[in-house]
Amino acid sequence: VLPTPPQEPLQEATCLVLANLCEDPTGDWKQLQQNGAVFSVAHMLGSASASLQEAALTLLAMLCSHKECREQAADSGVATSLTPLLGSTKPDVQRAALALAQQLCAFGRAADALLEAGAASPLAAMLLSPGTGSSEVVAAVLECLSRLADSGLTQAQRAVRNVGAVPHLIQLMSHQDGRISRFATSLVSSLCPGDVQNAEQLFESGGLVLLSEQLDSGDERAQLQALSALSQLSAEPVQAHAIVENGCLTSTLQLLEHPNQELRAYAAITFGNLCSAGALTPAQLQHPSVLPHLVAMLSSSNALAKGPAAAAIASMANQPSLRQSLHELGGLPGLAALLELDVETSYHAVQAIAQFAADERFRQ
């Protein structure tokens, strides 16, 4: 029935019957796959009948829960037909298209094909639609976007930028459904760095405030996602200054000694970027809440943090009063221990020690 010339009511009924068969754990999907059903059903997506489109999408989504069928779907060129249906004005068709896209995005070659077909744009636009609805649908959209971003970051950034989806992603960062908030934060961390317009929308929409709140949340997973985002955003000088202005510094310093090694690494990268960008003013570095952290970082087990800390201390050791404070906090022994490390770290340590050597109070 499937390969016969168009008889849409019959094809639709056949798709529904086959979908019911696929629900049973009897292996019927395997027989369909071996007989090329995926190719025939994929061709039906070009029909003008919304009900046939929905039935075909539903059957394909069921079949493509299996790797072998995903491979056939990629070979069939289904991405080209599926992409317009992700932007369908028919809610049932759009939801069925999303279910298929979710299956295909789990397969690298199919995800690449969807990206090339422009699927990221209608998916991003779904975040703006009031009809997107349930948490399951939102999570599915975010999952698809995340996988497409893995396949091609630039195309995903462009799609999100063109539809103005960043503010909506930021709102979803505080969603009560943990899966949604994690996907949203992950997307913000990957789509905003390196994209000026997306980064601007992040700042204007209060995204940095939310990231700062996540740092203080005590939730290790939320902290990790926030620091992952900040470690990338802080690589741009303008964004680094905005991060400091939005109150992320103290929390970042505190997380430098977190038991979680990955958290410590992201915190160190973020702090290093803030120092390199000149985002930290002397007053901030010298603040009583910051200075002890800097000295402690010199002898920290977090190797990534030592260089930026030595550089920051070297920049303030030319002031007599600060040399005294640094000495009282144990800064000199910490600096001396850095002399045998990598060239950049030892260079900053030598710079700082030279300031102490020029002060007769500390020569002994």
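Further up the page is the structure itself.
Here is what the cut-offs are and how they apply
- Residues numbered from 1 in each chain as written.
- Predicted model: local features only at pLDDT ≥ 70, side-chain atom pairs only at ≥ 80, totals over all residues.
- Heavy atoms only, no water.
- Salt bridge = Lys/Arg side-chain N within 4 Å of Asp/Glu carboxyl O.
- Helix = DSSP H or I, 4+ residues; strand = E, 2+ residues; numbered from the N terminus.
- Buried < 20%, exposed > 50% of the residue type's maximum accessible area, 1.4 Å probe, protein only.
- Contact = heavy atoms within 4.5 Å.
- Disulfide = S-S within 2.5 Å.
- Core = buried A, V, L, I, M, F, W, Y, C linked by side-chain atoms within 4.5 Å.

**Q** Quick question: what am I supposed to make of the pattern of salt bridges here?
**A** Pairing of side chains with opposite charge becomes possible as their charged atoms draw close. All told, the structure shown has nine salt bridges when counted by the stated rule. Notably, a salt bridge pairs aspartate 92 with arginine 95, separated by 2.7 Å at the nearest N-O pair. Of the two residues, aspartate 92 and arginine 95 are both situated in helix H7 (residues 91–104); the distance of three residues between them amounts to about one turn of the helix. Judged by relative accessible area, which is 40%, aspartate 92 ranks as partly exposed. What makes arginine 95 partly exposed here is its relative accessible area of 40%. Residues joined by salt bridges that share partners form a network here, namely Glu136, Glu143, Arg147 and Arg179.

**Q** Would you mind going over helix H22 (residues 303–316) with me for this structure?
**A** Residues spaced three or four apart along an α-helix face the same direction, because each turn holds 3.6 residues. Of all 14 residues that make up H22, ten are buried, and the element is covered over most of its length. Where the residues of H22 are buried, they touch helix H19 (261–276), helix H20 (282–285), helix H21 (291–298), helix H23 (320–328), helix H24 (331–336) and helix H25 (343–357).

**Q** I'm lost on the state of the cysteines in this one. Help?
**A** In total, this model carries zero disulfides according to the counting rule given. Sulfur of cysteine 15: no disulfide; nearest cysteine sulfur belongs to cysteine 22 and is 10 Å away. Note on cysteine 64: no disulfide assigned, nearest cysteine sulfur contributed by cysteine 69 at a separation of 6.0 Å. Overall, cysteine 64 belongs to the buried group, its relative accessible area being 0%.

**Q** Even after reading the chapter, I still don't get the nonpolar core, so can you show me in this structure?
**A** The tendency in soluble globular proteins is for nonpolar side chains to be buried as a group. Of all hydrophobic cores here, the largest spans 126 residues; its most connected members are Leu57, Leu100, Leu104, Leu142, Leu148 and Leu294. The element best represented in this core is helix H10 (residues 135–151), accounting for ten residues. Beyond its immediate stretch of four places on either side in the chain, leucine 294 contacts Phe271, Leu285, Ala309, Ala312, Ile313 and Met316.

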